[in-house]
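# Observations on the model geometry
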Amino acid sequence: MPSTLQQLRSASGLARSLFIYWRPGRQRSLKRLYQPFLAPGDIAFDIGAHLGDRSAAFQSLGAQVIALEPQPALAKWFQRLLKSPHITLLPLAVGPAPGHADIAISVGNPTLSTLATEWRRQVGERNPGFQRVRWEETLRVEMTTLDALIDRYGEPRFIKIDVEGFEAEVLQGLNYPVAALSVEFVAGMLEVSHACLAQIQRLGDYRFNAIAGEQRQFRFDTWLTPDAMAAWLAEGADQLASGDIYACRSDHALLSNTCVKPGAALG
């Protein structure tokens, strides 16, 4: 049974996440961010759904959402916050092959729980923001693949992947050239992002952009080629602490609109 201290830290971590991801106005800006990627009737995958803020935005745009969150405490809160017939929540992890894996859970920072063993060992040494993060618990979870999800639910128009250093492994289980997706990046561990680029390029011809942290604005006025995105990462990704890389297939309608102005506010 968890100690009183662990229970307090868990409650504090959940409270922090609720404040960050469900603060007033956030849903409006998320909806504006994802509007170019999703239309009514589309399918969206939310991999690493946490407390469901992205799933909420996806379904508000009319998408059918398949959300995956293997942490029971977070899944319980997800179900409390989101009661929609358009969202299917699965208590699964996603990786390169079906099976089982151990997720290391940070009681005080549940959003930082991870399946990536080497990432967890190294990120505290390379990124000051992670120096005090501890992963005190381990949970055995069932793992599926993106291909298996597509076979069951249909091909998504957009996939959001935020799994704390395990993004490239998630992409290893994808063989469909989906229209668009996003993957998280973290300073000090940008080799994960390079591996993600390689996996995405394996699928087809894509263009790339980036968003810093929890902002809602793209950094580049035109979407970058794979080589240009790789060069940006190699140069340190503008020294950003974290963010998300967005990938659009070269025939995506968003690319025909040519310009997403640097720093152009989305909400």
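For the structure given in this document, a descriptive report is provided here. Computed from a predicted model, the values in this text were never measured in an experiment.

## Points about the pattern of salt bridges
Counting across every chain of the model gives twelve salt bridges. Measuring nitrogen to oxygen at the nearest pair gives 2.9 Å for the salt bridge that ties Arg 26 to Glu 214. Note that Arg 26 is positioned in helix α2 (residues 26-34) and Glu 214 in the loop between β9 (206-212) and α9 (226-234), a separation of 188 residues in sequence. On the basis of relative accessibility, which here comes to 3%, the residue Arg 26 falls in the buried class. Here Arg 249 makes a salt bridge to Asp 251, at a shortest N to O gap of 2.8 Å.

## So, the sheet that holds strand β6 (residues 137-144)
Taken in spatial order, the three strands make up an open sheet running β4-β6-β5, and their pairing is mixed. This sheet does not close on itself; its edge strands, each paired only once, are β4 (93-94) and β5 (99-105). Relative to β6, β5 runs antiparallel, the two being bridged by seven bridges. Each bridged residue has a counterpart across the sheet, and for Ile 103 the counterpart in β6 is Leu 139.

## With respect to the sheet that holds strand β8 (residues 180-186)
As summarised here, the arrangement of the seven strands in space is β3-β2-β1-β7-β8-β10-β9, forming an open sheet in which the pairing is mixed. Edge positions in the open sheet fall to β3 (87-90) and β9, since each of these has one partner strand only. For this sheet, the mean angle separating the axes of adjacent strands, direction not counted, is 15 degrees. Looking at chain direction, strand β1 (residues 43-47) and strand β7 (residues 158-161) are connected through four bridges and run parallel. The residue of β7 that forms the bridge with Ala 44 is Phe 158. Helix α6 (residues 146-153) rests against β1, β2 (64-68), β3 and β7 of the sheet, and its axis sits at about 145 degrees to β1. Running at roughly 165 degrees to β8, helix α8 (residues 190-203) makes contact with β8, β9 and β10 (242-249) of the sheet.

## Observations concerning α6
Taken together, the buried positions of α6 are Leu 146, Asp 147, Leu 149 and Ile 150. Each buried residue of α6 sits inside an arc of 160 degrees when the element is viewed along its axis, so together they form one side. When the buried face of α6 is taken as reference, the exposed residues oriented beyond 90 degrees from it are Asp 151 and Arg 152. Backbone geometry just downstream of α6 places Gly 154 in the positive-phi region, at approximately 105 degrees.

## Some thoughts on the packing of α8 against α9
Interhelical geometry of α8 versus α9 gives an angle of 175 degrees and a closest axis separation of 10 Å. In terms of their interaxial angle, α8 and α9 are classed as roughly antiparallel. Counting all contacts with α8, which are made through Leu 190, Ser 193, His 194, Leu 197 and Gln 201, the residues of α9 involved are Pro 226, Met 229, Ala 230, Leu 233 and Ala 234. Each residue belonging to the contact of α8 with α9 can be placed in one class, and the counts come to seven nonpolar, three polar and no charged.

## Description of the packing of aromatic side chains
Tallied over the entire structure, the rule returns twelve aromatic pairs. Taking 5.1 Å as the distance between ring centres and 50 degrees as the angle between the ring planes, the aromatic pair formed by Phe 37 and Phe 158 counts as tilted. On the criterion of sequence distance, the pair formed by Phe 37 in the loop between α2 and β1 and Phe 158 in strand β7 is long-range, its members being 121 residues apart. Both residues of the pair, Phe 37 and Phe 158, count as buried.

## A word on the nonpolar core
One finds Ile 47, Leu 146 and Met 229 to be the most contacted residues of the largest nonpolar core, which totals 59 residues. Among the elements that take part in this core, α8 stands out by supplying six residues, more than any other. Dropping the residues within four chain positions of it, Met 229 is found in contact with Leu 197, Phe 208, Asn 209, Ala 210, Phe 220, Leu 224 and Ile 245. Ranked by size, the runner-up nonpolar core spans 26 residues in total, among them Phe 37, Ala 44, Ala 67 and Ile 87.

## Overview of helix α3 (residues 53-60)
Most of α3 sits inside the fold, with six of its eight residues counted as buried. Three or more residues of α3 are buried, namely Asp 53, Arg 54, Ser 55, Ala 56, Ala 57 and Phe 58. Of the residues trailing α3, Gly 62 is marked for its positive phi of about 95 degrees.

## With respect to the packing of α2 against α3
Close contact between α2 and α3 brings their axes to 9 Å; oriented N to C, the two are set at 60 degrees. Judged by the angle between their axes, α2 and α3 are oblique. Between α2 and α3 lies a crossing of right-handed hand. Along the contact surface, α2 presents Arg 26, Gln 27, Leu 30, Lys 31 and Tyr 34, while α3 presents Asp 53, Arg 54, Ala 56, Ala 57, Phe 58 and Ser 60.

Definitions and limits used
Residues numbered from 1 in each chain as written. Predicted model: local features only at pLDDT ≥ 70, side-chain atom pairs only at ≥ 80, totals over all residues. Heavy atoms only, no water. Salt bridge = Lys/Arg side-chain N within 4 Å of Asp/Glu carboxyl O. Helix = DSSP H or I, 4+ residues; strand = E, 2+ residues; numbered from the N terminus. Buried < 20%, exposed > 50% of the residue type's maximum accessible area, 1.4 Å probe, protein only. Pairing = 2+ DSSP bridges. Axes fitted to C-alpha atoms, helices over the stretch in contact; angles between N-to-C directions. Contact = heavy atoms within 4.5 Å. Arc of directions from axis to C-beta. Parallel < 35°, antiparallel > 145°, perpendicular 65-115°, else oblique. Nonpolar A, V, L, I, M, F, W, Y, C, P; charged D, E, K, R; others polar. Phe/Tyr/Trp six-rings, centres within 6.5 Å; stacked < 30°, edge-to-face > 60°. Core = buried A, V, L, I, M, F, W, Y, C linked by side-chain atoms within 4.5 Å. Left-handed = near helix turned anticlockwise from the far one by under 90°.

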